[in-house]
Amino acid sequence: MNKETVRSYLEEIFPSYVADLQRMTEINSKHKDPKGNREINAWLRKHIAQTGGEVKSWKEAGIEHLAAEYTGKGKVKIALIVHIDTVLDNSSFTYSYDPVTKIAKGPGVGDCKASVIMAMYLIQTYRHFNHMPFGKLTIYYDAEEEIAGSPLEEYIVEELAKTHDYVLVADTGRPHYGICVRRKCSSSVRVKIHGINGHGGNALQAGANTLYEAGFLITKFFALQSPMPADHDPRNFTTQALQKRGIEDRGQFIPENSLNIRSLTHSSVNIPDYTEIEMNLACFDSIERDRIAKEIQEICRHPSIPGCHIECEITPVMEAMMPSKILVDLYKKTAKEAAGIDVSEWQAGGLTMANLAALFAPTIDAVGVDCDPLIEHTIHEQIDLNTVIPRLLAMYFFIEELDKL
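The structure presented is a predicted model; accordingly, all values stated were derived computationally and were not measured. (Residues numbered from 1 in each chain as written. Predicted model: local features only at pLDDT ≥ 70, side-chain atom pairs only at ≥ 80, totals over all residues. Heavy atoms only, no water.)

Draft legend 1. Main features of the layout of surface pockets. Looking at the second largest pocket, its volume works out to about 500 Å³. For the second largest pocket, the lining is made up of 21 residues, of which Pro175, Thr239, Gln243, Asp372 and Gln382 are closest to its centre. At the level of elements, helix 6 (239-244) and strand 15 (382-384) are the ones that each hand at least two residues to the lining of the second largest pocket. Tallying contributions element by element places helix 6 first for the lining of the second largest pocket, with 4 residues. A per-class count over the lining of the second largest pocket returns 9 nonpolar, 7 polar and 5 charged. (1 Å grid on protein atoms, 1.4 Å probe; cavity = no way out; pocket = protein on both sides within 12 Å on 5 of 7 lines; lining within 4 Å. Points joined across faces, edges and corners; volume = space filled by probe spheres on them. Helix = DSSP H or I, 4+ residues; strand = E, 2+ residues; numbered from the N terminus. Nonpolar A, V, L, I, M, F, W, Y, C, P; charged D, E, K, R; others polar.)

Draft legend 2. Structural detail: the pairing of strand 8 (residues 178-183). Counting buried residues along strand 8, 5 of its 6 residues qualify, which places the element largely inside the surrounding structure. Looking at chain direction, strand 8 and strand 13 (residues 344-348) are connected through 5 bridges and run parallel. The partner of Ile179 across the bridge, within strand 13, is Glu345. (Buried < 20%, exposed > 50% of the residue type's maximum accessible area, 1.4 Å probe, protein only. Pairing = 2+ DSSP bridges.)

Draft legend 3. The pattern of salt bridges, seen in detail. This structure, assessed with the given rule, holds 25 salt bridges. For Lys162, the salt bridge goes to Glu158, with nearest N and O atoms at 2.6 Å. Residue Lys162 and its partner Glu158 are located together in helix 4 (residues 151-163), separated by 4 residues, close to a single helical turn. Judged by relative accessible area, Glu158 falls into the partly exposed class, the value being 25%. (Salt bridge = Lys/Arg side-chain N within 4 Å of Asp/Glu carboxyl O.)

Draft legend 4. Representation of the packing of helix 5 (residues 210-222) against helix 7 (residues 286-300) in the model. At their nearest, the axes of helix 5 and helix 7 sit 11 Å apart, and the two run at 155° to each other. In terms of orientation, helix 5 lies roughly antiparallel with respect to helix 7. With respect to the hand of their crossing, helix 5 and helix 7 are arranged in right-handed fashion. Counted together, Leu217, Lys220 and Phe221 of helix 5 and Ile296, Ile299 and Cys300 of helix 7 form the full contact between these two elements. Grouping the constituent residues of the contact of helix 5 with helix 7 by class yields 5 nonpolar, no polar and 1 charged. (Axes fitted to C-alpha atoms, helices over the stretch in contact; angles between N-to-C directions. Parallel < 35°, antiparallel > 145°, perpendicular 65-115°, else oblique. Left-handed = near helix turned anticlockwise from the far one by under 90°. Contact = heavy atoms within 4.5 Å.)

Draft legend 5. Representation of the environment of Gln205 within the structure. Within the secondary structure, Gln205 sits in the loop between strand 9 (185-194) and helix 5. Looking at Gln205, its side chain comes within polar contact range of the main-chain oxygen of Asn202, at 3.0 Å. (Polar contact = N/O pair within 3.5 Å; in protein donor to acceptor, adjacent residues only side chain to side chain.)

Draft legend 6. Here's a closer look at the sheet that holds strand 12 (residues 309-318). Spatial ordering of the open sheet is given by 10-11-9-12, a layout of 4 strands whose pairing is antiparallel. Of all the strands in the sheet, the pair left with one neighbour each is strand 10 (257-266) and strand 12. Averaged over neighbouring strand pairs, the angle between their axes works out to 15° when direction is ignored. When strand 10 meets strand 11 (residues 274-283), the two strands line up antiparallel, connected through 9 bridges. Each bridged residue has a counterpart across the sheet, and for Leu264 the counterpart in strand 11 is Ile277. Packing against the sheet, helix 7 makes contact with strand 9, strand 10, strand 11 and strand 12, and its axis sits at approximately 165° to strand 12.

Draft legend 7. Just the environment of Glu295, in detail. Among the structural elements, Glu295 can be located in helix 7. Along the sequence, Glu295 and Phe221 sit 74 residues apart, while their C-alpha atoms lie 9.0 Å from each other. For Glu295, the side chain forms a polar contact with the side chain of Arg291, separated by 2.5 Å.

Draft legend 8. Quick peek at the sheet that holds strand 15. Reading across the sheet, the 3 strands line up as 4-5-15 and stay open at both edges, with antiparallel pairing between neighbours. A single partner strand is all that each edge strand has here, and the edge strands are strand 4 (96-98) and strand 15. If you compare each strand with its neighbour and ignore which way they point, the axes differ by 15° on average. Bridge count between strand 4 and strand 5 (residues 103-105): 3 bridges; the pairing is antiparallel.

Honestly, that's just the spatial picture; any functional story needs more than this.
Okay, structure coming up:
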């Protein structure tokens, strides 16, 4: 198929893409929202039927995951993964689009609804040209990606990876047509501090304040992380600040080892006798993750406040992701030839289903629409729709090239 013919068709349908992105972004589909889940899935079911696909469905606790299976004229079996759930909803901020800059803003617009629409338009384009260069293409519309450790989601991804030749994860793309070539492994850490309650004025000498103990622990945990860049000031590492300094961000400032505190809860008595700390331990190297986990456990064996007792639970969540070099090289080559774009390589601190899929099948990560990772999950989230057509062209011909391997 001639690339200019495909490009012309994509340019023709681009206004429809923008309209569909607005429609999907304006559907509240925050994770665990059954109403938004039903509304998007009703739309997807209709789309799958119109494009000649077969629906596969999995349900758990009122949330439905869908996959669309398409049979083509080639031999390769490919799984393409996107997700429909978001972190924020329209109570936080609403959709907007600037037709001059082609920047769209809204909850989940980048992570990852623009890539969901991209996947829908990919199969629409193949159908338009009656060109299905694969044996089987399964598009999985993940409904629980933003919730770490969904057993159903992990089961689906593992099965897809085991039954397909390659896995393409389009959970956003990185700026400058970036793909992720390195992702951290992760463990969940829960620290439970038990103390002795009492009157805050009369019984301090007979109590054990778990909040004070938490303060000592947090200071020690902070020291386990890799150091931040020299002369670190968060204001100097925003996307805009890096651009002003002439630096292209490719994830190079992400600390090798990080221990992020996600929540701290405590009892409400005068002298708090229970405090719980939840953290995420993330490292590029699994050996480092295991080393730091042992150090956390050792710290918890030695309370600083007399009368306090500490429990520590550390659960591995995901292994580190290294994509297939064959897929990375082929994607970069195809993107250059088909769309005229130079693909950049990134590393990432967050997880996607690429971490899991890569354990079972050759995987490539972040082949969706370009989204700034520094503002995902915030009220500033936005997507660069200038990258939609080049990304679609790259994907269209990349799958064609995979069928030739």
